[in-house]
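Residue-level structural notes
Chain by chain, the residues:
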Amino acid sequence: MAQKETSASAKDETVFVTVRSDCFHTTPNCSSFNQTGNIQEKPVTALRDDFPICKRCSGEYEPSSTPYKSPLRKQLEQLDPDDVG
Ligand SMILES: [Zn+2]
């Protein structure tokens, strides 16, 4: 019987959490860290099995629903509206 690998690289993967976080991140560059700081590295195995992953890091988060506006994006639209889309 061959051993089945459930997840190729999840075993020793390092993840990132903050003191108050209720989820973990796969990258220290996640935009969620901008407000919190105090990033801690941990092996994913140190977390609970049901500890949720950050939606931005997992890709579930939709940038289009971002509550804050990007001034740069708005500026770009004004520069060349006909080129958008
Ligand atoms: Zn994240």
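Rules used throughout
- Residues numbered from 1 in each chain as written.
- Predicted model: local features only at pLDDT ≥ 70, side-chain atom pairs only at ≥ 80, totals over all residues.
- Helix = DSSP H or I, 4+ residues; strand = E, 2+ residues; numbered from the N terminus.
- Contact = placed C-beta atoms within 7 Å.
- pLDDT = per-residue confidence, 0-100.
- Core = buried A, V, L, I, M, F, W, Y, C linked by C-beta atoms within 7 Å.
- Buried ≥ 20, exposed ≤ 12 C-beta atoms within 10 Å, placed from the backbone.

Digging into the overall build of the chain
Each helix and strand counted, the chain has three helices and two strands in total. Taking as baseline every contact in the chain between residues at least 6 positions apart, the subset at least 24 positions apart corresponds to 52%.

Observations concerning the confidence of the model for the chain
When pLDDT is averaged along the chain, the result is 76, and 56% of the positions lie at 70 or above. Here helix α3 (residues 71-79) stands out as the least confident element of the chain, with mean pLDDT 62; strand β1 (residues 14-17) is the most confident, with 93.

A closer look at the environment of I53
Relative to the elements of secondary structure, I53 occurs in the loop between β2 (40-43) and α2 (55-58). Distance from I53 to C23, taken between C-alpha atoms, is 5.1 Å for residues 30 residues apart in sequence. Aside from chain neighbours lying at most four places away, what touches I53 is C23, F24 and S58.

Digging into the nonpolar core
By size, the foremost hydrophobic cluster in this structure holds five residues: V15, F16, V17, F24 and C54. Those residues in contact with F16, other than ones at most four positions away along the chain, are F24, H25, T27, P28, I39, Q40 and E41.

Regarding the environment of C57
Mapping C57 onto the fold places it in helix α2. For C57, a count of 19 C-beta atoms within 10 Å puts it in the partly exposed group. Ignoring anything within four residues of it in the chain, the contact list for C57 reads H25, T26, T27 and C30.

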